[in-house]
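Letter by letter, the chains look like this.
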Amino acid sequence: MEIKKVGSLAIVMGIVVGFIWLLAFGFTRDPRYIRSPLIGRQAPSFDLVLFDGGRIRLEELRGRAVLINFWASWCPPCRVEAPALEAAWKTFKEGDVAFVGVNIQDNERDARAFIEEFGITYKNGWDPAARVAVNYGVWGIPETFFLDREGRITFKHVGALSVPVITAKLDQALRGIVSAEEGRGEYQSVR
């Protein structure tokens, strides 16, 4: 009978110690830096209502490299990167490239004011229930995904983007190159 008690106690202790180790490991990981399982895979489809009243479906963009940027008007790094995104869009808009902004965790009035303030001309839509963001595993904002011509995610960037990073990653997406690492801006995303 004693051997059974010792064995049961050892099993319980093993489970408790394992759980504590797992919990401690989780607290040492910043979820912003956990590699996305979507890299190299087909991007989740979406149908987004645009601020201009139109709609856009991801499938309509096949054949082009696509930049999808998740943002909010109240987000400081989103404000930092807005001019870079618009400048890059003006450079690439005549090519085989599409930009889509997805506004989350925001209200429509403030989002529209942000678009006007920064003179943003690429397509932008509002994701009030954050369904698109959840499908992409967005943890904080800004987060940006680059897709190749077939709709496969080639790169994810957390934090504010710069024009050189946008240019390099769009070039790779156009050539179908999947990045081994994810990017992190100096001005990190907010939760």
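Per chain, residue numbering runs from 1 following the sequence as it is written. For a predicted model such as this one, the threshold for reporting local features is a pLDDT of at least 70, and the threshold for listing and counting side-chain atom pairs is 80 or more; totals across whole chains, interfaces and linings nevertheless cover every residue. The side-chain numbers reported here are obtained from all heavy atoms of the structure, hydrogens and water having been left aside.

## Overview of the overall build of the protein chain
Line of reasoning, step 1. Each helix and strand in the protein chain was counted, giving five helices and eight strands.
Line of reasoning, step 2. Going from the N terminus to the C terminus, the protein chain shows its helices and strands as α-β-β-β-α-β-α-β-α-β-β-α-β.
Line of reasoning, step 3. For this analysis, residues touch if any pair of their heavy atoms sits within 4.5 Å. In the protein chain, once contacts between residues fewer than 6 apart in sequence are set aside, the share between residues at least 24 apart is 75%. The helix count covers DSSP runs of H or I at least four residues long, the strand count covers runs of E at least two residues long, and both are numbered beginning at the N terminus.

## Re unusual backbone geometry
Line of reasoning, step 1. Cis rather than trans, the peptide bond between Ile 141 and Pro 142 has omega equal to 0 degrees.
Line of reasoning, step 2. With respect to the element layout, Pro 142 can be found in the loop between helix H4 (131-136) and strand S6 (143-147).
Line of reasoning, step 3. Backbone geometry places Gln 105, a non-glycine residue, at a positive phi of 50 degrees.
Line of reasoning, step 4. By the element assignment, Gln 105 lies in the loop between strand S4 (97-103) and helix H3 (108-117).
Line of reasoning, step 5. Each residue is assigned to one of three classes by its accessible area relative to the maximum for its type, calculated with a 1.4 Å probe on protein chains only: buried under 20%, partly exposed between the two thresholds, exposed over 50%. We classify Gln 105 as partly exposed; its relative accessible area is 48%.
Line of reasoning, step 6. Even without a glycine there, the phi angle at Ala 130 is positive, about 60 degrees.
Line of reasoning, step 7. Mapping Ala 130 onto the fold places it in the loop between strand S5 (123-126) and H4.

## Quick look at the side chain of Asn 103
Line of reasoning, step 1. Mapped onto the secondary structure, Asn 103 falls in strand S4.
Line of reasoning, step 2. Of the residues examined, Asn 103 reaches a relative accessible area of 0% and is grouped as buried.
Line of reasoning, step 3. Only 3.4 Å separates the side chain of Asn 103 from the side chain of Trp 126, close enough to count as a polar contact. Distance and chemistry together define a polar contact, namely a pair of N or O atoms within 3.5 Å, with one atom able to donate a hydrogen and the other to accept it when in protein, and with adjacent residues in sequence counting only for side-chain atoms on both sides.

## Comments concerning the nonpolar core
Line of reasoning, step 1. Among the nonpolar cores identified, the biggest contains 50 residues, and Phe 46, Ile 68, Phe 70, Phe 99, Tyr 136, Ile 166 and Leu 170 are the most heavily contacted of them.
Line of reasoning, step 2. The set of elements that each furnish at least two residues to this core consists of strand S3 (65-71), helix H2 (76-92), S4, H3, H4, S6, strand S7 (153-158) and helix H5 (163-174).
Line of reasoning, step 3. When neighbours within four sequence positions are excluded, Phe 70 is seen to be in contact with Val 102, Ile 104, Val 132, Ala 133, Tyr 136, Val 138, Ile 141, Pro 142, Glu 143 and Phe 145. Here, nonpolar core refers to any group of buried Ala, Val, Leu, Ile, Met, Phe, Trp, Tyr and Cys residues whose side-chain atoms link them within 4.5 Å.

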